[in-house]
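As a plain string of letters, each chain reads:
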Amino acid sequence: MSDIAHEAPVAHHEEHESTGIDNRKLGMWIFLSSEFLFFGALITNYLLYSNRAGFEGIYPAAIYDIPFTSVSSFVLLMSSLTMVLAHNALSRGDQDGTRTWLFATAALGSVFLAGQVFEFTEFIVEYDMTLATNPAASAFYVLTGFHGTHVAIGVIMLLSLWGISRRQGSLSERHGMNLELVGLYWHFVDIIWIVIFTVVYLLSVPPG
Amino acid sequence: MTATAERPQATIFKRPTATTGIWSWLTTVDHKKIGIMYGYAAFFFFILGGIEALLLRIQLAQADAEFLTAGAYNALFTMHGTTMVFLFVMPVGAAFMNYLLPLLIGARDVAFPRLNALSWWIFFFGGIFLYSTFFFGTSLAPISPEGIPGNLAAAGGPGTLHFLADSPDGGWFGYQPNAGPLYSPGTAMDYWALGLQILGLASLISSVNFIVTVFNMRAKGMRLLRMPVFAWMSTVVAFLLLFSLPIIAVALFMVTFDRQFGTLFFAPVGGGDPILWQHLFWLFGHPEVYILILPAMGIVSEVLPVFSRKPLFGYSAVVFAGAAIAFLGFGVWAHHMFASGITPVAQAAFGLATMTIAIPTGIKIFNWLGTMWGGRIRLTTPMLFAVGFVAMFTIGGLSGVTHSIVPSDWQQTDTYYIVAHFHYVLFGGAVFGLFAGLYYWFPKLTGKVMNPTLGKTHFWLQFIGFNLTFAPMHWLGLQGMVRRTWKYPAEVGLEPWNVVVTIGAFTIAASILVFMYNWYTSRRRGQDSGIDPWDARTIEWTTPNPTPEYNFATAPVVSRLDAFWHMKYDEDEEGRAVRKDDADEILAHLEYDGRNPSAPIHLPSPSYFPLIMAVGIPIIFYGIIYHTTMWGKALILIGAVISLSALIGWGIEPLEEESPVEAEDADEEDMELELVEVDDE
Amino acid sequence: MSAEHHTHPTPAQYWKIAVVLAVLTAIEVAMFYIDRELGLGSLNALILITLALLKFVIVVGWYMHLRFEKPMLNRFFTAGFVLAISLYLVVLASLGVVVIRGG
């Protein structure tokens, strides 16, 4: 009848998990929820400056290449498909399929990044719009740049998993959870781009 | 969960094994050791911040004083605020959360022990990075073509200690464009912006860690509404950190881009908007003040019931009020900006929102009073500090409500009235609460009780000194003494009260010396605490003191609030607590069982990698400050290589090493015997 | 409750979802050009934001499996999203930025 009973000791990793959700998965979701505030601030910054009148130099909204960006957005969107197929293959025990889809995801991510490098280069060389041209340009580069950094980190994580899988021939249970975590992160980066594509590219217009 | 299923793989380093000495601290992943390190580091920074405050007070004790140059004064108030907020109160909160959260919820450690170590080391190096500005930072004359008065740092002028001026001088809030590249050239404000960025990273990691810990690591039966209030307030703080730190991260990145890469986000010269900085800063900054105060509220909610020998009055009301304060705390940031020209509608809305915060805060205060009402109060040192907290925090809260009235706030903005207000809530509130916690849980760290006579001396000195320091600031402010002023003329008649304030500040310093002496001697020669020195209520006291490495020898199962109390006490017909006949036996059993686990306990193994990974981060940030030079670029590269190698090592290394004994095919029974023998010594 | 592995979508369903996402993206791009011709103004903004939200929900719900997880994850995630939207809308409003602009 005492209020603290005592049970047989259990090892640390078998301890009762109160929500039934894996620690790392719960942690990843919580972290991602805070990323909304991070990208939200950057998007706010862009919305504040993107069509404020009176800046010197060219506005990013005046020079967007919509067909080009549409294609690279499509590429990133499809990388979410390959990511989820990699996860699905692993859950079915299909190690070869996992490896293939992981590589495909990293490749699509890299294509997206290459597109961003091309876009930035074009803006700088063709239109002379640099990071310091005006706050609108700065906000554009900082927002898309931080998103690109997130994609690059994702690509590195995908390639690490792919490398481990190649070297060991399969992904262990622990790395299976890692794959799920990388997947969550990857999709999140994708949904942020869905927002950026609409708000930054399709909807913003230069002043005047 | 699955990390242990794998065999340990080859790693670059041999796994650290030290259990004592310096290496055990450098490689530890034990939440208690991490908490202790947080505590000592924070106290060290508290001393530094306190010395800065004393220098400011020496300058202000005299009209037209020439003790400090204007530049040194600006640097000192900036570093005082930054230190006390980010390097003292926040990490002391982190120290309590680290040490206590797993114990309060009946866990052996946090959810991610190595990430926890990483948080601590990032914080530690972030603090060093920030303070290295005193050695490496520079503060140059403002580049203000229009002749706008910029910072006075380089202007020098009369006064001494000018060497201190080469450090951040834009205030802890870093208002733009004053803290931007035009008005604060030199590297000092870069140290500030990037230093806070590092500290924010540490807090963000621990917030995720603590949230997962609370939701996933609770003992059997420890439902959310059975958690001690301190665990609840820690959870709320973790959410505040989680959602507010990304905002300040972006704002600080933007400042860094402005200062390092020529963007013009906040410079009106190029069309930037300084008010955006104020929004982003206070979107973070207001939740931040609740991050500072809520741990203290949690501590007080633990201490008051114990020394009133009554359960906390309205437990769930206190918990929900804490959550409500956090929720509302996100919606009031613009009350820091009433004088910045925001629209009348916004002023009215934010004024009203600010007033509503008084409701949950008032609920808490009345619950604390209700807890003491009719209780059998023991005025021990922790209790004195807790009662002091309630009284001083109430005064600070009431002056806070006066700020929500917009026209009144316009008068108070940037006067000493504001300084008085936030010191009543942060010193009279947070710091009194944290000292209550230090005295209360000292036995858990050391197995000793702190000397009560010295403790009470400390309390009364601090209480008198505190009120001498900050009460006169109310009327100084209303008389028109401007905040952050370097000097004031004798004719305005502000000198007498400023003398009182300075005397008060030195009284506080004396009280802290008493505390340090008490801490030092009680650790060595203090009276043994036994397992339950305070007749406590919560389950952290079911483990022996000092807390064993594994916390609980057997995993606890909890069936109600204040579970420990109900092990010792029954109720009679009239609902009064009656100590059980066998209460002392129960305690003796807990003590014995707690020291003699019946089976070996696996704990996460120590690791080098959190430390190594954290070392790389300030190196990268030094590189960013000097990125235009070759060696700056080299530093970025070196830092990145260090952190990434540690990351790889971390990825390969399993959380728990199988013990070497096991690995060399000794079986479980031998292990067990060994453990028992060791413990019997 | 029904958060079991076997309720997860099959690869075929993932492909179908991808087709839906691709079509939605195509409509978005088409809307951009239609708006250029017709000048739909805030109607265009409304349509584009709705489409983006739709894509957002589909990716989160199916690809991130949030539909099949315990409700707690949904609550955390939604909290971050809603908090971000509301805080930053207030900031933009008080800075005088009209958030949705027509063409």
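For the structure, check the block above.
First things first, this report covers the structure right here in the doc. Nothing here was measured: the structure is a model prediction, and the numbers come from that model. (Residues numbered from 1 in each chain as written. Chains lettered and ligands numbered in written order. Predicted model: local features only at pLDDT ≥ 70, side-chain atom pairs only at ≥ 80, totals over all residues. Heavy atoms only, no water.)

### A look at the interface of chain C and chain B
(1) Moving on: Facing eleven residues of chain C, the contacting portion of chain B comprises 14 residues.
(2) Moving on: For the pair chain C and chain B, the summed buried area comes to about 1100 Å², and 88% of that belongs to carbon and sulfur atoms.
(3) Moving on: Here chain C is connected to chain B by zero salt bridges.
(4) Moving on: Counting the contacts that link chain C with chain B gives one residue pair in polar contact (both at pLDDT 80 or more).
(5) Moving on: Each residue belonging to the side of chain C that touches chain B can be placed in one class, and the counts come to nine nonpolar, two polar and no charged. (Contact = heavy atoms within 4.5 Å. Buried area = accessible area lost by both parts, 1.4 Å probe. Salt bridge = Lys/Arg side-chain N within 4 Å of Asp/Glu carboxyl O. Polar contact = N/O pair within 3.5 Å; in protein donor to acceptor, adjacent residues only side chain to side chain. Nonpolar A, V, L, I, M, F, W, Y, C, P; charged D, E, K, R; others polar.)

### Remarks on the nonpolar core
(1) Moving on: Ranked by internal contacts, the top residues of the largest apolar core, which has 314 residues, are Phe140 of chain A, Phe389 of chain B together with Phe77 of chain C.
(2) Moving on: Top element by residues in this core is helix α3 (residues 70-105) of chain B. It accounts for 24 residues.
(3) Moving on: Those residues in contact with phenylalanine 77 of chain C that lie beyond four places of it in its chain are Trp29, Leu32, Ser33, Phe36, Phe188 and Ile191 of chain A together with Val60, Met64 and Leu66 of chain C. (Core = buried A, V, L, I, M, F, W, Y, C linked by side-chain atoms within 4.5 Å. Buried < 20%, exposed > 50% of the residue type's maximum accessible area, 1.4 Å probe, protein only. Helix = DSSP H or I, 4+ residues; strand = E, 2+ residues; numbered from the N terminus.)

### A closer look at the packing of aromatic side chains
(1) Moving on: Inspection of every chain in the model, using the stated rule, returns 102 aromatic pairs over all chains.
(2) Moving on: Here the aromatic rings of phenylalanine 38 of chain A and phenylalanine 39 of chain A are separated by 5.5 Å at their centres, their planes lie at 85 degrees, and the arrangement is edge-to-face.
(3) Moving on: Phenylalanine 39 of chain A sits in the buried class, given a relative accessible area of 2%.
(4) Moving on: Taking the centre distance of 5.8 Å and the plane angle of 80 degrees together, the rings of tryptophan 121 of chain B and phenylalanine 124 of chain B count as edge-to-face. (Phe/Tyr/Trp six-rings, centres within 6.5 Å; stacked < 30°, edge-to-face > 60°.)

### Overview of the side chain of histidine 458 of chain B
Residues and elements named next belong to chain B.
(1) Moving on: Looking at the element boundaries, histidine 458 is found in helix α14 (residues 452-478).
(2) Moving on: For histidine 458, a relative accessible area of 0% corresponds to the buried category.
(3) Moving on: For histidine 458, the contacting residues outside a window of four places in its chain are Phe385, Phe435, Tyr439, Ser511, Ile512, Val514 and Phe515.

### Focus: the interface of chain B and chain A
(1) Moving on: Between chain B and chain A, the contact holds 63 residues from the first and 45 residues from the second.
(2) Moving on: When chain B packs against chain A, close to 4900 Å² is buried across both sides, 62% of that on carbon and sulfur atoms.
(3) Moving on: At the boundary of chain B and chain A, one finds one salt bridge.
(4) Moving on: The partner of arginine 52 of chain A in a salt bridge is aspartate 273 of chain B, with the nearest N and O atoms 2.9 Å apart.
(5) Moving on: For the pair chain B and chain A, the number of links is seven residue pairs in polar contact (both at pLDDT 80 or more).
(6) Moving on: Looking at the side of chain B that touches chain A, the elements with two or more residues in it are α6 (188-216), α7 (229-261), α8 (274-308), β3 (556-558), α16 (563-568) and α19 (630-652) of chain B.
(7) Moving on: Per-element accounting of the side of chain B that touches chain A gives the leading share, ten residues, to α7 of chain B.
(8) Moving on: Of the residues contributing to the side of chain B that touches chain A, the split by class is 39 nonpolar, 15 polar and nine charged.

### Remarks on the environment of leucine 48 of chain A
(1) Moving on: Relative to the elements of secondary structure, leucine 48 of chain A occurs in helix α1 (residues 23-50).
(2) Moving on: As a C-alpha pair, leucine 48 of chain A and phenylalanine 68 of chain A span 20 residues in sequence and 25 Å in three-dimensional space.
(3) Moving on: The contacts of leucine 48 of chain A, once residues within four sequence positions are left out, are Asp273 and Leu276 of chain B together with Leu92, Leu95 and Val97 of chain C.

### Focus on the packing of α7 of chain B against helix α9 (residues 315-329) of chain B
Residue and element names in this part refer to chain B.
(1) Moving on: It is the contact of α7 with α9, at a shortest axis distance of 10 Å, that shows an interaxial angle of 15 degrees. Here α7 is positioned roughly parallel relative to α9, judged by the angle of their axes. The hand of the α7/α9 crossing is right-handed. Along the contact surface, α7 presents Val229, Trp232, Met233, Val236 and Leu240, while α9 presents Tyr315, Val318, Val319, Gly322, Ala323 and Ala326.
(2) Moving on: Counted by class, the contact of α7 with α9 contains ten nonpolar, one polar and no charged residues. (Axes fitted to C-alpha atoms, helices over the stretch in contact; angles between N-to-C directions. Parallel < 35°, antiparallel > 145°, perpendicular 65-115°, else oblique. Left-handed = near helix turned anticlockwise from the far one by under 90°.)

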